[in-house]
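# Summary of the model geometry
In case you want the letters, here they are:
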Amino acid sequence: AKFQAAELASIESRGYIQTEYGWRRYFSREDRDNTHYSGVATEAYNLRIQSNEAMIVREAMLALRREFALRWPHEDVRLAIQLHDEVVVSCRPELAEAVAEMMLELMQAPARKMPCSEIGMSDGVRFPVDLKIGKTWGSMVKWERRGEVL
């Protein structure tokens, strides 16, 4: 309730809401006058959550690309596709374990622009990462690391 009230107050006073990454979504005067009665409120609540998630995935992809380039030739490991919060990587089969380890490490790094000491993540929110490995999309299985299923 506090979060929602703060978002609506921001729209009513400033005319926009802003994400932790600096993106702003401006609302028209008409929208600002009707924040409690329209889809504006729902849009406002969802915007920061959804756009922050998108930025976290983008940052992770940039980190992955940078690390892939440092460790392996492009033909051995490359980002294949990104869809919403999923990243698909293509690599040589003998590199799959090393690539999975590196991906897990990078993608579980805290989102430093989103500290949340209330839940014990003062260095930044961390999100769970599910990794799957397979020769084709249809044959992917959860990746196991040291006896753990991730």
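What comes next is a walk through the structure. (Residues numbered from 1 in each chain as written. Predicted model: local features only at pLDDT ≥ 70, side-chain atom pairs only at ≥ 80, totals over all residues. Heavy atoms only, no water.)

A pair of packed helices is characterised by two quantities: the angle between their axes and the separation of those axes. Between helix 3 (residues 39-71) and helix 4 (residues 96-107), the least distance of the axes is 10 Å, while the angle of their chain directions is 140 degrees. Compared by their axis directions, helix 3 and helix 4 come out oblique. As helix 3 runs across helix 4, the sense of the crossing is right-handed. For the pair helix 3 and helix 4, contact is made by Ala60, Ala63, Leu64, Glu67, Phe68 and Arg71 and by Val99, Met102, Met103, Leu106 and Met107, respectively. Classifying every residue of the contact of helix 3 with helix 4 by side-chain character gives nine nonpolar, no polar and two charged. (Axes fitted to C-alpha atoms, helices over the stretch in contact; angles between N-to-C directions. Helix = DSSP H or I, 4+ residues; strand = E, 2+ residues; numbered from the N terminus. Parallel < 35°, antiparallel > 145°, perpendicular 65-115°, else oblique. Left-handed = near helix turned anticlockwise from the far one by under 90°. Contact = heavy atoms within 4.5 Å. Nonpolar A, V, L, I, M, F, W, Y, C, P; charged D, E, K, R; others polar.)

Turning our attention to helix 1 (residues 2-14). Helix length check: helix 1 (13 residues) gives 18 Å between terminal C-alpha atoms against 18 Å at 1.5 Å per residue, within 8%. Residues of helix 1 that are buried: Glu7, Leu8, Ser10 and Ile11. Each buried residue of helix 1 lies within a common arc of 150 degrees when the element is viewed along its axis, so the set occupies one face. Exposed and facing more than 90 degrees away from the buried side of helix 1 are Lys2 and Ser13. Just beyond helix 1, the residue with positive phi is Gly15, at close to 90 degrees. (Expected span 1.5 Å × (residues − 1). Buried < 20%, exposed > 50% of the residue type's maximum accessible area, 1.4 Å probe, protein only. Arc of directions from axis to C-beta.)

Moving on, we come to the pattern of salt bridges. On inspection of all chains with the given rule, the structure shows four salt bridges. Close ionic contact of Asp76 with Arg92 constitutes a salt bridge, the shortest N to O distance being 3.7 Å. Residue Asp76 is found in the loop between helix 3 and strand 3 (77-83), and its partner Arg92 is found in the loop between strand 4 (86-91) and helix 4; the two are separated by 16 residues along the sequence. Look at Asp76 and you get buried, because its relative accessible area is 17%. Relative accessible area serves as the criterion here: at 40%, Arg92 is assigned to the partly exposed category. Between Arg92 and Glu94 there is a salt bridge, with the nearest N and O atoms lying 2.7 Å from each other. Residue class for Glu94 comes out exposed when judged on its relative accessible area of 55%. Here the salt bridges share partners, and the residues they tie into one network are Asp76, Arg92 and Glu94. (Salt bridge = Lys/Arg side-chain N within 4 Å of Asp/Glu carboxyl O.)

With their axes 10 Å apart at the nearest point, helix 1 and helix 3 run at an angle of 110 degrees to one another. In terms of orientation, helix 1 and helix 3 fall into the roughly perpendicular class. Residues Phe3, Gln4, Glu7, Leu8 and Ile11 of helix 1 form the contact with helix 3, whose participating residues are Val40, Ala41, Ala44, Tyr45, Arg48 and Ile49. When grouped by side-chain class, the residues that make up the contact of helix 1 with helix 3 number eight nonpolar, one polar and two charged.

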